[in-house]
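If you want the building blocks of each chain, they are given just below.
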Amino acid sequence: MKRRITYKWTIIFVITLQLFGCIDDEEIDFPERSQMNIESSNALVSVLNNIASDIEISNDSPCFTFVYPIILGYNNESNITIEDYDGLVSVISSQASNFNITGLVFPIEIILSNSNDVVKLTNENELFDLLENCSYTTFRDEFDRLFMQCFTLNYPIDLFDEEGNEVRLTSTEEFDTFYTNQSDSYQLDFQFPLSISIVTEGVDISINSIYDFYEIINDCVGCPDLRFTTTEITPNTFDFDPDFEVLPQYELFWIINDEILSLIDTWGGAWDTDTLVRQFEPGQYTICIRAITPNCSSGIDVCQNVIVPSVCPNLSFTGNQEPESFMVTFVADFIEIQTTQYQWFVDDVFIEEDGAEVANGDNRLIYNFEAPGEYQVCIKTTSPFCPEGRSFCETIVVEPICPDLFFSGNQEPDSFTYDFTANFENIANTSYQWIIDDMFVENDGANAPNSDNSLIYNFEAPGSYEVCIRTESPLCLEGTSFCETIVLDPICPEMTLIVDPLVGNRYFFFPQITSSEPIEVVLWSIDNGVEQPRPSTEGFEFEFPGSGTYTVCGRIEATNNCPDGVRVCEEITIPQ
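Just so it is clear, the model here is predicted, and its values are computed rather than measured.

1. Here's the deal with the nonpolar core
If you look at soluble globular proteins, the nonpolar side chains tend to sit buried side by side.
Link 1 in the chain: F64, F66, L72, L88 and L127 are the most contacted members of the largest nonpolar core, which has 31 residues in total.
Link 2 in the chain: Only α2 (42–52), β3 (64–66), β4 (70–74), β5 (79–82), α3 (85–93), β6 (101–104), β7 (108–112) and α4 (124–133) provide two or more residues apiece to this core.
Link 3 in the chain: If near-sequence neighbours (up to four positions away) are discounted, F64 is found in contact with V47, I110, I111, L112, S113, L130, C134 and Y136.
Link 4 in the chain: If you look at the next biggest cluster of nonpolar residues, it comprises 27 residues, including C150, F151, L169 and F178.

Structure representation (structure tokens):
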């Protein structure tokens, strides 16, 4: 959670910082302080730590440079304006536990070195994005790398979760559960001071800031980065070699399936202090190398899985369903097919023998399934070279043979009548039904009386309707449908008002109406008052009572074709 701290003090002290590596707050005489909105930023502390790891970085940084000036805030509520890169280096180098950078004033601008683009950063999240894009390590990266190796937490501890809620944790188990439940982008947000134990020294110390944490992290060597290579000498013999610098003070152990090997290897392999050569029986093995070092007293393991297979063929086949039938042709094809005898199975039922030394063996199976559905088809083999056997299976989906239905439709002008026409492949041999909003309308297609593959349907009112055609058959047991959503817009008359000034304040209004159905009455109103019905052919005459602006409206009542009716208004201004 972002927490803003408003710092009120400003001080220029680059020269002082260059002279003192550890600064006593009481020794500095701060000038008059001014309002400054400093935002606490763990991301900034991580950026500065990355820069400090190589203090020789120049303005030609491989990733970015700041656009100066920038304003940074200290943990004692003072702040400083940095004018250039040299000033930044001085500030970084002069930090101490009681006087270190904790925040900055947003927004800031940076220049990306690979494009020279100027990018504005306005908040903590964008600064974390910069860390990621520059492949810089965050505090979480370093914490994850060295937690439990170099330091442990002394409980209870208080910290904020990614929603900004303060949480108290009282044990390692609670911390592990809490940490696991946060997202991968979560950055640890401790409440300081915090007590930790230094593993290699066995002492407890108090941590007052992320800077203090970095001081511990930067002094911690931790466990070595273990790697080893695996080389197959024969299908069941392997050579394992450490792929890291083995120092004299390291204790190394090889582990196979959780068993630590002794110097005198009872497994029959050759092992010196570094390399393990091993011959295995068929099976799966977990091979680990363990190192215990002065900086990694609890040890660290890295493991690989090794599978030692039997000499069995890698069986395989393909299958294709024949058009317009439930017959599928399967063809076996694998490297050892010329020397392998095998069997075909469908849903665990033996079908036939095939392969090498089988009379009439052709490495194929033509099988006619009874109905559409899912079937498991397998080929299986056993031999002296593969005593446990080998099989290859595929789940075959025998597809129903359904027509690809289709229809089109056109609305007749000024009506709710629609003409639908079905048109799809093999329509002459397909029986189907017309359905509107899940209601059966009529049969059509093959064997239907008066079949014409069309539907003329008069909808009752405007709205949205789902029109479908559907068919079922022995080859398409579950049926198939094709549907379209038909939207019928209201069919409303068009009306305009003809305004004819008469004598004085007297006006005559006449409705000019275009409609597909007769309109008998128009309802007239003045300023939304009581409506007065008049025959549509007569118009409306009205004398306004005095000067002002009046709204005169004519309305045609709602019908089935036009549920909302039609209302047209004109404004009339009577001068004084």
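On we go.
2. With respect to the state of the cysteines
Link 1 in the chain: The tally for this structure, following the rule as stated, stands at 10 disulfides.
Link 2 in the chain: For C378, the disulfide goes to C393, at an S-S distance of 2.0 Å. Across the S-S bond of C378 and C393 the torsion is about 110°, and the bridge reads as right-handed. Here the residue C378 occupies a position in strand β28 (residues 373–383), and C393 occupies one in strand β29 (residues 386–398), the gap between them amounting to 15 residues.

3. Some words on the confidence of the model for the protein chain
Link 1 in the chain: Within the protein chain, residue pLDDT values average 85, and 90% of them lie at 70 or more.
Link 2 in the chain: When the criterion is pLDDT under 50, residues 1–34 qualifies, and its contacts beyond four places in sequence or with other chains add up to 89 contacts.
Link 3 in the chain: Across residues 264–271 the pLDDT falls below 50, and counting only partners more than four positions away or on other chains, this stretch makes 17 contacts in the model.

4. With respect to the pattern of salt bridges
Link 1 in the chain: The full count for this structure, using the stated rule, is 10 salt bridges.
Link 2 in the chain: In this structure, the salt-bridge partner of R506 is E543, at a minimum N-O distance of 2.9 Å. Of this pair, R506 sits in strand β38 (residues 506–514) while E543 sits in strand β41 (residues 540–543); the two residues are 37 residues apart in sequence, bridging distant segments of the chain.
Link 3 in the chain: What makes R506 partly exposed here is its relative accessible area of 30%.
Link 4 in the chain: Taken together, the shared-partner salt bridges connect D225, R227 and D243 into one network.

5. Focus: empty space enclosed by the protein
Link 1 in the chain: Overall, the coordinates contain two cavities of 30 Å³ or more when judged by the stated rule.
Link 2 in the chain: One number sums up the size of the second largest cavity: a volume of about 30 Å³.
Link 3 in the chain: Among the residues making up the lining of the second largest cavity, the classes are represented as five nonpolar, two polar and two charged.

6. Focus on the environment of I379
Link 1 in the chain: The topology assignment puts I379 in strand β28.
Link 2 in the chain: Spatially, the C-alpha atom of I379 lies 6.2 Å from that of F345, the residues being 34 residues apart in sequence.
Link 3 in the chain: Setting aside anything within four residues of it in sequence, one finds I379 in contact with L315, S316, F317, A332, F334, Y342, Q343, W344, R390, S391 and F392.

7. Focus: the sheet that holds strand β14 (residues 203–207)
Link 1 in the chain: Across the sheet, which stays open at both edges, the three strands sit in the order β9-β13-β14 with antiparallel pairing between neighbours. The sheet terminates laterally at β9 (151–153) and β14, the two strands that pair on one side only. Along the sheet, successive strands turn relative to each other by an average axial angle of 35°, direction set aside.
Link 2 in the chain: One ladder, built from five bridges, connects strand β13 (residues 194–198) with β14; its direction is antiparallel. What sits directly across from S197, in β14, is D204.

8. A closer look at the pairing of β28
Link 1 in the chain: Two strands pair when backbone bridges link them, and strand β25 (residues 341–346) and β28 are joined in this way by four bridges, in the antiparallel orientation. Paired with F345 across the strands is C378, a residue of β28.
Link 2 in the chain: Where β28 meets β29, 10 bridges bridge the pair, whose relative direction is antiparallel. Of the residues in β29, the one forming a bridge with I379 is F392.

Rules and cut-offs
- Residues numbered from 1 in each chain as written.
- Predicted model: local features only at pLDDT ≥ 70, side-chain atom pairs only at ≥ 80, totals over all residues.
- Heavy atoms only, no water.
- Core = buried A, V, L, I, M, F, W, Y, C linked by side-chain atoms within 4.5 Å.
- Buried < 20%, exposed > 50% of the residue type's maximum accessible area, 1.4 Å probe, protein only.
- Helix = DSSP H or I, 4+ residues; strand = E, 2+ residues; numbered from the N terminus.
- Contact = heavy atoms within 4.5 Å.
- Disulfide = S-S within 2.5 Å.
- pLDDT = per-residue confidence, 0-100.
- Salt bridge = Lys/Arg side-chain N within 4 Å of Asp/Glu carboxyl O.
- 1 Å grid on protein atoms, 1.4 Å probe; cavity = no way out; pocket = protein on both sides within 12 Å on 5 of 7 lines; lining within 4 Å.
- Points joined across faces, edges and corners; volume = space filled by probe spheres on them.
- Nonpolar A, V, L, I, M, F, W, Y, C, P; charged D, E, K, R; others polar.
- Pairing = 2+ DSSP bridges.
- Axes fitted to C-alpha atoms, helices over the stretch in contact; angles between N-to-C directions.

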